[in-house]
Number of protein chains: 2
Amino acid sequence: MEKKPVTIKEIARRLNISVSAVSKALHDDPSIGLRTRMRVKAMAEELKYEPNQTAIFLQKGRTNTIGVIVPSLVESFFPQVISGIEEVANKHNYVVLLGQSMEDPEREQMLLETMKKHRVDGILISISKNTFQYDHLRKVKESIPLVFFDRIPDMKEIHYVACNLVSGTVQAMNYLLQQKHRVIGMVNGPEKLFSSRERLEGFRQALSKSRLKYDPSLVVNSDLSKESVIQAVKELLANKRKPTALIAFHDNAAIEIIEYLKSIRKDKSIPVVSFANLPMSSHTMFKPAASVEQYPYLQGQKAMEVLIDVLNNKETDQGANTAFYKIILDSRLVLLK
Amino acid sequence: MEKKPVTIKEIARRLNISVSAVSKALHDDPSIGLRTRMRVKAMAEELKYEPNQTAIFLQKGRTNTIGVIVPSLVESFFPQVISGIEEVANKHNYVVLLGQSMEDPEREQMLLETMKKHRVDGILISISKNTFQYDHLRKVKESIPLVFFDRIPDMKEIHYVACNLVSGTVQAMNYLLQQKHRVIGMVNGPEKLFSSRERLEGFRQALSKSRLKYDPSLVVNSDLSKESVIQAVKELLANKRKPTALIAFHDNAAIEIIEYLKSIRKDKSIPVVSFANLPMSSHTMFKPAASVEQYPYLQGQKAMEVLIDVLNNKETDQGANTAFYKIILDSRLVLLK
DNA sequence: TTGAAAGCGCTACCAG
DNA sequence: CTGGTAGCGCTTTCAA
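The rules we used
- Residues numbered from 1 in each chain as written.
- Chains lettered and ligands numbered in written order.
- Predicted model: local features only at pLDDT ≥ 70, side-chain atom pairs only at ≥ 80, totals over all residues.
- Heavy atoms only, no water.
- Pairing = 2+ DSSP bridges.
- Helix = DSSP H or I, 4+ residues; strand = E, 2+ residues; numbered from the N terminus.
- Axes fitted to C-alpha atoms, helices over the stretch in contact; angles between N-to-C directions.
- Near = heavy atom within 4 Å.
- Polar contact = N/O pair within 3.5 Å; in protein donor to acceptor, adjacent residues only side chain to side chain.
- Nonpolar A, V, L, I, M, F, W, Y, C, P; charged D, E, K, R; others polar.
- Least-squares fit on C-alpha atoms with pLDDT ≥ 70 in both.
- Contact = heavy atoms within 4.5 Å.
- Buried < 20%, exposed > 50% of the residue type's maximum accessible area, 1.4 Å probe, protein only.
- Buried area = accessible area lost by both parts, 1.4 Å probe.
- Salt bridge = Lys/Arg side-chain N within 4 Å of Asp/Glu carboxyl O.
- Core = buried A, V, L, I, M, F, W, Y, C linked by side-chain atoms within 4.5 Å.
- Phe/Tyr/Trp six-rings, centres within 6.5 Å; stacked < 30°, edge-to-face > 60°.
- Lys NZ or Arg CZ within 6 Å of the ring centre and 35° of its normal.
- Arc of directions from axis to C-beta.
- Parallel < 35°, antiparallel > 145°, perpendicular 65-115°, else oblique.
- UniProt positions renumbered as here; feature names shortened; annotations may be inferred.
- Right-handed = clockwise from strand over helix to strand, strands pointing away.

The name recorded for chain A in an unreviewed UniProt entry is LacI family transcriptional regulator, from Flavihumibacter fluminis.

So this is what it looks like as structure tokens:
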């Protein structure tokens, strides 16, 4: 099941020419005579020669490999992002090294280091929801181009692509406000998460545009576990101003919330709007009334494009590059039939 | 954002010793005096030396990287397999190069070749549902250890791990037979798919054990697209012996089927049993009555373990290894509440 | 038009 | 205990 691979040297030996000639011939270097070029190609073909990439990697100092770190593939948002990444990566001759952090900052750090060791040319990462300390990210950023997507750390001087959740949240709020809801509650994510803060910002903006006042007790943070989400709902329902509509952090949370509301027979009265992390085609029971689409596939494509750009500029520029990509896609509220 | 990396040679130069001494010191080679070993380590630390894996890869002839090819990450079965793979891969210091074939045999071939170029140590693959021609697989198998999982090609002399779908199908049938169904229809997958044939086999075995005769017109193949699945259902319902229960190829198909049956108001009368490819926790409307669990995570773990074994034996054995792993996990029918 | 040689960074073998 | 030295397979000047 294994054969010793043919090398350029072997071809040279058989043809009684030098390795450098072979190398050049294989690359169609004009300085090599057509005749020998042909002979080399023929021999390469015959011997089924395949260049040893690892040697080329060493020589070129690049691996044509990019690392992708996601919190978890189980959240179906990320497979879609990865598909987008893969599409443009392959088109540009890059290959994808995958790692799941499992929402564990230590694993995240370990993955970053492993990928660095493997000399990936760049890394695309969506940080774990428990990552609040960014030293490991900063450290890696010193030596490898990093592009963040979807879950962005609160750092300066980084490249990232994400959805504009502020406007998404505003849209979600407006939808509910239009339906005459005046007391809207929000089950948010971890307080330190960038995207949680964006949601909060949208929440406040929408209220102020409608000349309603912001009541902090109507926004409850959760760690997105089922228990914590339901706990948050309980708190909201116990509020003196009881909300008549809810905004959930994402579809998974929304589903838990709706299931819970149904179980306590509040389903009819309280619509829930959320942020998409599921392919909403799936015929879910406990479906939210509307969801903010975040275009995972597009995010993946964009992130990879950014990385490729950074990689290309790195070759050209000498060091001190101070331009950082901040690509912000517009999210869009989708009503679910 | 980029620094020129420290090499072993640099450390040697600064310490006025040889590179080989440094290399050995770093590896705690006992032949190096404690004193110099310490000095080397200290210097390495100070300079933040990190070994260049690509050089080591070239030298060692292995990359500690394994390729994983799945049809698509969107089918949530595969992310779970990958998680299993990743778990044991990381434990053994391997890293995962990912590729999605998108059910396209040409892309599948392209991915195999790319991974081969990148000199992965081995490949885990679940073939696309349109792959009926195995030349590309055979070719790669010549030079790189291949382990198949879940979707197995009809080839000799391969390693694979899969679920025993025959017994799973028998269980599913028995479940329906116990409920006094005597005319059971099956919406199967592509005829050439190994797993389709296993389902068919289970279908027939169950019937014969119950002393019922097998009626070929009650099994209809589909390509698993929504249209094709619904077409299959229509055919079955139009059969002279109209089935009173159905077995679907997998949950996705089951959902389409149930949705269709509801739309034509047959829902109550026809239970549907399927094979799990969804995390069934998801609160689906149109849920099948029962589903055959296929343990994706476990399959991933086992497949990776097999590969590691093959890899280790390869080092030891000289060529002619004739033992092939065929790991068959038992599937189990799970009733959905 | 071709070849020799240096070197990418590291390991390993063999003398001292 | 330590240091040359010879590669791993390939690219790339620089001479010839």
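More follows now that the structure is in view.
Trainee: Just give me the short version of the sheet that holds strand 7 (residues 219–221) of chain B, but keep the residues and values in it.
Mentor: All names here are of chain B. What the 6 strands build is an open sheet, ordered 7-6-8-9-10-12; its pairing is mixed. In this open sheet, the two strands that pair with only one neighbour each are strand 7 and strand 12 (332–335). Put simply, the sheet's adjacent strands are angled 20 degrees from each other on average, direction ignored. In terms of strand pairing, strand 10 (residues 290–293) meets strand 12 through 4 bridges, oriented antiparallel.

Trainee: Got a sec to walk through the protein's contact with DNA strand D? Specific residues and values, please.
Mentor: Neighbouring residues of DNA strand D: 25 residues in total, closest Ile8(A), Tyr49(A), Lys24(B), Ser31(B) and Gly33(B). Take the atoms of DNA strand D that sit within 4 Å of the protein: sugar and phosphate atoms are 60% of them. One of the side-chain nitrogen or oxygen atoms of Ser20(B) is found 3.1 Å away from a base nitrogen of DNA strand D. Within the backbone of Gly33(B), an N or O atom sits 2.4 Å from a phosphate oxygen of DNA strand D. Of all the secondary-structure elements, those providing two or more residues to the surface near DNA strand D are helix 1 (8–15), helix 2 (19–26) and helix 4 (53–60) of chain A together with helix 2 (19–26) and helix 4 (53–60) of chain B. A per-element tally of the surface near DNA strand D places helix 4 of chain A first, with 4 residues. Residues belonging to the surface near DNA strand D are distributed by class as follows: 9 nonpolar, 12 polar and 4 charged.

Trainee: Lay out the relation of the copies chain B and chain A with the relevant residues and their values.
Mentor: Rotating chain B by 180 degrees about the axis while translating it 0.1 Å along that axis superimposes it on chain A, leaving an RMSD of 0.2 Å. Read as a symmetry element, the transformation amounts to a two-fold axis. With an isologous cut-off of 70% or more, the 100% of interface residues of chain B that recur at the interface of chain A puts this contact in the isologous class.

Trainee: Describe the side chain of Gln301(A), naming the residues involved and giving the relevant values.
Mentor: All names here are of chain A. On the secondary structure map, Gln301 appears in helix 12 (residues 296–316). Using a relative accessible area of 17% as the deciding quantity, one classes Gln301 as buried. In contact with Gln301, not counting residues within four places along its chain, are Gly84, Ile85, Glu87 and Val88.

Trainee: Any details on the interface of chain B and chain A? Residues and values, ideally.
Mentor: Between chain B and chain A, the residue contacts involve 48 residues of the former and 48 residues of the latter. Summing both sides of the interface, chain B and chain A together bury roughly 4,600 Å²; the carbon and sulfur share of this comes to 59%. Joining chain B to chain A, the criterion identifies 4 salt bridges. Between Lys116(A) and Glu50(B) there is a salt bridge; the shortest N-O distance is 2.8 Å. Applying the counting rule to chain B against chain A returns 10 residue pairs in polar contact (both at pLDDT 80 or more). Where the side of chain B that touches chain A is concerned, the elements lending two or more residues are helix 4, helix 5 (77–91), strand 2 (95–100), helix 6 (105–117), helix 7 (135–143) and helix 11 (251–263) of chain B. In terms of residue count, strand 2 of chain B provides more of the side of chain B that touches chain A than any other element does, 6 residues in total. Considering only residue class, the side of chain B that touches chain A consists of 20 nonpolar, 16 polar and 12 charged.

Trainee: Account for the pattern of salt bridges, naming residues and giving values.
Mentor: This structure, assessed with the given rule, holds 29 salt bridges over all chains. The salt bridge involving Arg37(B) is made with Asp28(B); its shortest N-O contact spans 3.8 Å.

Trainee: I'd like to hear about the sheet that holds strand 9 (residues 272–275) of chain A, residue by residue, with values.
Mentor: Residue and element names in this part refer to chain A. The 6 strands are arranged 7-6-8-9-10-12 in an open sheet whose pairing can be described as mixed. Of all the strands in the sheet, the pair left with one neighbour each is strand 7 (219–221) and strand 12 (332–335). The mean angle between the axes of side-by-side strands here comes to 20 degrees, regardless of whether they run parallel or antiparallel. Running over the sheet, helix 8 (residues 165–178) touches strand 6 (184–188), strand 8 (245–248), strand 9, strand 10 (290–293) and strand 12 and is turned about 165 degrees from strand 9. Lying over the sheet, helix 9 (residues 194–209) contacts strand 6, strand 7 and strand 9, oriented at roughly 170 degrees with respect to strand 6.

Trainee: Any chance you could break down the nonpolar core for me, citing the residues and the numbers?
Mentor: Leu124(A), Met304(A), Leu124(B) and Met304(B) are the most contacted members of the largest nonpolar core, which has 50 residues in total. Core analysis: the next-biggest nonpolar cluster, separate from the first, contains 42 residues, Leu97(A), Ile69(B), Leu97(B) and Val120(B) among them.

Trainee: Residue-level account of the packing of aromatic side chains, with values.
Mentor: According to the stated counting rule, one finds 4 aromatic pairs over all chains in the structure shown. Each ring, one from Phe77(A) and one from Phe78(A), has its centre 5.3 Å from the other, and the planes form 90 degrees; the classification is edge-to-face. Owing to a relative accessible area of 3%, Phe77(A) belongs among the buried residues under this scheme. Considering the side-chain rings of Phe203(B) and Tyr214(B), the 6.1 Å spacing of their centres and the 80 degrees angle between planes classify their relative orientation as edge-to-face. Within this pair, whereas Phe203(B) is found in helix 9 (residues 194–209), its partner Tyr214(B) is found in the loop between helix 9 and strand 7, the two being separated by 11 residues in sequence. Sitting over the ring of Phe249(B), Arg199(B) keeps its end group 3.7 Å from the ring centre. If you follow Arg199(B) out to its NZ or CZ, it ends over the ring of Phe275(B), 4.2 Å from the centre.

Trainee: Let's hear about the protein's contact with DNA strand C: which residues, and what values?
Mentor: Residues in contact with DNA strand C amount to 25 residues; listed here are only the nearest, Lys24(A), Gly33(A), Ile8(B), Ser20(B) and Tyr49(B). Among the atoms of DNA strand C close to the protein, meaning within 4 Å, 64% are from sugar or phosphate groups. A distance of 3.3 Å separates a phosphate oxygen of DNA strand C from a polar backbone atom of Ser18(A). Contact between DNA strand C and His27(B): a phosphate oxygen at 3.1 Å from a side-chain N or O atom of the residue. Secondary structure elements with two or more residues in the surface near DNA strand C: helix 2 and helix 4 of chain A together with helix 1 (8–15), helix 2 and helix 4 of chain B. In terms of residue count, helix 4 of chain B provides more of the surface near DNA strand C than any other element does, 4 residues in total. Here the residues of the surface near DNA strand C sort into 9 nonpolar, 12 polar and 4 charged.

Trainee: I'd love a proper account of helix 4 of chain A, names of residues and values included.
Mentor: All of the buried residues along helix 4 of chain A are Gln53(A), Thr54(A) and Phe57(A). One face of helix 4 of chain A carries all of its buried residues, which in axial projection span an arc of 100 degrees. Lining the buried residues of helix 4 of chain A we find helix 4 and helix 6 of chain B. Directly after helix 4 of chain A, the chain includes Gly61(A), whose backbone phi takes a positive value near 75 degrees.

Trainee: Residues and numbers for the packing of helix 2 of chain A against helix 3 (residues 34–47) of chain A, please.
Mentor: Residues and elements named next belong to chain A. For the pair helix 2 and helix 3, interaxial distance at closest approach is 9 Å and the crossing angle is 85 degrees. When the axes of helix 2 and helix 3 are compared, the pair comes out roughly perpendicular. Across from Val22, Ala25 and Leu26 in helix 2, the residues of helix 3 making contact are Arg37, Val40, Lys41 and Ala44. Here the residues of the contact of helix 2 with helix 3 sort into 5 nonpolar, no polar and 2 charged.

Trainee: Describe the UniProt feature "domain: HTH lacI-type" (unreviewed entry) in chain A, with residues and values.
Mentor: Those residues carrying the UniProt feature "domain: HTH lacI-type" (unreviewed entry) are residues 6–60 of chain A in this numbering. The distance separating the terminal C-alpha atoms of residues 6–60 of chain A is 21 Å; by composition the span is 69% helix and 0% strand.

Trainee: Can you tell me about the pairing of strand 6 (residues 184–188) of chain B, naming the residues and giving the values?
Mentor: Residue and element names in this part refer to chain B. Among the 5 residues of strand 6, 5 are classified as buried, and the element is accordingly described as predominantly covered. Across the two faces of strand 6 the burial is the same, with Ile184, Met186 and Asn188 and Gly185 and Val187 all buried. Judged from the 3 bridges that link them, strand 6 and strand 7 form a sheet pairing that is parallel. Bridged to Asn188 within strand 7 is Asn221. Since strand 6 and strand 7 lie parallel, the crossover through helix 9 that links them has a hand, and here it is right-handed.

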